[in-house]
Amino acid sequence: GENVEQHPSTLSVQEGDSAVIKCTYSDSASNYFPWYKQELGKRPQLIIDIRSNVGEKKDQRIAVTLNKTAKHFSLHITETQPEDSAVYFCAARGTGGGNKLTFGTGTQLKVEL
Amino acid sequence: EAGVAQSPRYKIIEKRQSVAFWCNPISGHATLYWYQQILGQGPKLLIQFQNNGVVDDSQLPKDRFSAERLKGVDSTLKIQPAKLEDSAVYLCASSLDRAQYFGPGTRLTVL
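For the structure given in this document, a descriptive report is provided here. Predicted model, so just to flag it, every value in this text is computed and none were measured.

1. Comments concerning the overall build of chain B
Looking only at helices and strands, one finds zero helices and 11 strands in chain B. Secondary structure elements of chain B occur, N-terminal to C-terminal, as β-β-β-β-β-β-β-β-β-β-β. For a compact globule of 111 residues, the expected C-alpha radius of gyration is about 13 Å, and chain B comes in at 13 Å, within 12% of that figure. Taking the principal axes of the C-alpha coordinates as reference, chain B spans close to 35 × 25 × 25 Å. By the burial criterion, 46% of the 111 residues in chain B qualify as buried. Here the analysis covers contacts within chain B between residues at least 6 apart in sequence; of these, 51% occur between residues at least 24 apart. In the structure as shown, chain B presents an accessible area of about 5,500 Å², 50% of it carried by carbon and sulfur atoms.

Below you can see the structure in the form of C-alpha cells.
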C-alpha cells in the first residue's frame, strides 16, 4: 500500500518568513495530493490540492509543488502569520481499492511574533 | 452549504462497553469515509462507502468495529467492545470527487 513520509515534524518560523513542508510517497501511480490544516481540537481543513498532471499550484500565500519523478511534493507558505500556526498534513491518493488517501504524520508549524 | 455533521462530539466509556457514532455528510456527496485519528498522528482510514456499498474496509478491525450506511446518506460507526487503544478522534469525511471534507469529529476516551 501507499506510504507517505512527512518532514519536519515541527517547524518554527518568524512572522513574515516562509515555511516549507515536504512529503514523499511510495506509490508511483498516486494521482492526487491534498494538504490539510488542523488547528487544535478542530477538524482537518483542506487548504490546497494538486493533481498528478500539474507541477505547481498557487493560492495566495500558499503553493504546492509536485515532482512525480522523485515522488515528492511540498507545501510552501509565504509571509507567514500567527494564524498559520497549526498542524499540517499531507496526503496521497493511491490507485488501489477505493483510491484511498494515506496521510503523513503531520508537521506542527509555529509562527512566532 | 452545510458541512459534515457528527455526533456526539465527546464520549467517555469504560473498556468493554459499546459506543456508536453518527455522521451526516454534505448533501449530494456519494462517498463517505470514517477515519481514526490517534493523538499526534494523521487520520487513518477505517472504512469507505460509495453510496450504501463498502468500497474499502481493509483497515477496519472487524472483530469489534462495524459501520453501516443503509440509505446511502447518514452513517453510523460502532465499537463493541471498546479497548483502551480505541481512544482517539473519529472523523467522518465526505466527497463528491477527489476533495474530502471532514466533520468536527468525535473524541472517544476509553477508561
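2. Observations regarding the interface of chain A and chain B
Taken together, the contacts link 17 residues of chain A with 24 residues of chain B. In this assembly, chain A packs against chain B so that about 1,600 Å² is buried in total across both faces, 51% of it on carbon and sulfur atoms. The interface formed by chain A and chain B includes one salt bridge. As a salt-bridge pair, R51(A) and D97(B) come within 3.3 Å of each other at their nearest N and O atoms. Between chain A and chain B we count four residue pairs in polar contact (both at pLDDT 80 or more) in total. For the side of chain A that touches chain B, the secondary structure elements donating two or more residues are β4 (32–38), β5 (45–51), β9 (86–93) and β10 (101–103) of chain A.

3. A short note on the environment of R93(A)
Residues and elements named next belong to chain A. Within the secondary structure layout, R93 lies in strand β9. A relative accessible area of 14% means that R93 is categorised as buried. Note: C-alpha distance between R93 and F103 (10 residues apart in sequence) is 9.0 Å.

4. Quick word on the sheet that holds strand β7 (residues 65–68) of chain B
Residues and elements named next belong to chain B. What the four strands build is an open sheet, ordered β1-β3-β8-β7; its pairing is antiparallel. Each end of this open sheet is capped by a strand with a single partner; those strands are β1 (5–7) and β7. Strand after strand, the sheet turns through a mean of 15° between neighbouring axes, direction not considered. Relative to strand β3 (residues 19–24), β1 runs antiparallel, the two being bridged by three bridges. Its bridge partner being in β3, A5 is matched across the sheet by N24.

5. Structural notes on the pairing of strand β11 (residues 106–110) of chain B
Residues and elements named next belong to chain B. Side chains T106, L108 and V110 of β11 all project onto a buried face; the interleaved residues R107 and T109 project onto a face where none is buried. As judged from the four bridges shared by strand β2 (residues 10–13) and β11, these two strands associate in the parallel manner. Each residue of the ladder has a partner; that of K11, found in β11, is L108. Here strand β9 (residues 88–95) runs beside β11; their pairing, made up of three bridges, is antiparallel. When the sheet's bridge partners are listed, A88 is paired in β11 with L108.

6. Here's the deal with unusual backbone geometry
Trans peptide bonds make up most of the peptide bonds, and negative phi angles are found at most residues other than glycine. For the peptide bond that leads from H7(A) to P8(A), omega is -5°, which places it in the cis range. Within the secondary structure, P8(A) is located in the loop between β1 (4–7) and β2 (10–14). With a phi close to 55°, N51(B) is a non-glycine residue in the positive phi region. Residue position: N51(B) is located in the loop between β5 (44–50) and β6 (53–56).

Calculation notes
Residues numbered from 1 in each chain as written. Chains lettered and ligands numbered in written order. Predicted model: local features only at pLDDT ≥ 70, side-chain atom pairs only at ≥ 80, totals over all residues. Heavy atoms only, no water. Helix = DSSP H or I, 4+ residues; strand = E, 2+ residues; numbered from the N terminus. Rg over C-alpha atoms; globule rule 2.2 N^0.38 Å. Buried < 20%, exposed > 50% of the residue type's maximum accessible area, 1.4 Å probe, protein only. Contact = heavy atoms within 4.5 Å. Areas by Shrake-Rupley, 256 points an atom, 1.4 Å probe, with all protein chains shown as cover. Buried area = accessible area lost by both parts, 1.4 Å probe. Salt bridge = Lys/Arg side-chain N within 4 Å of Asp/Glu carboxyl O. Polar contact = N/O pair within 3.5 Å; in protein donor to acceptor, adjacent residues only side chain to side chain. Pairing = 2+ DSSP bridges. Axes fitted to C-alpha atoms, helices over the stretch in contact; angles between N-to-C directions.

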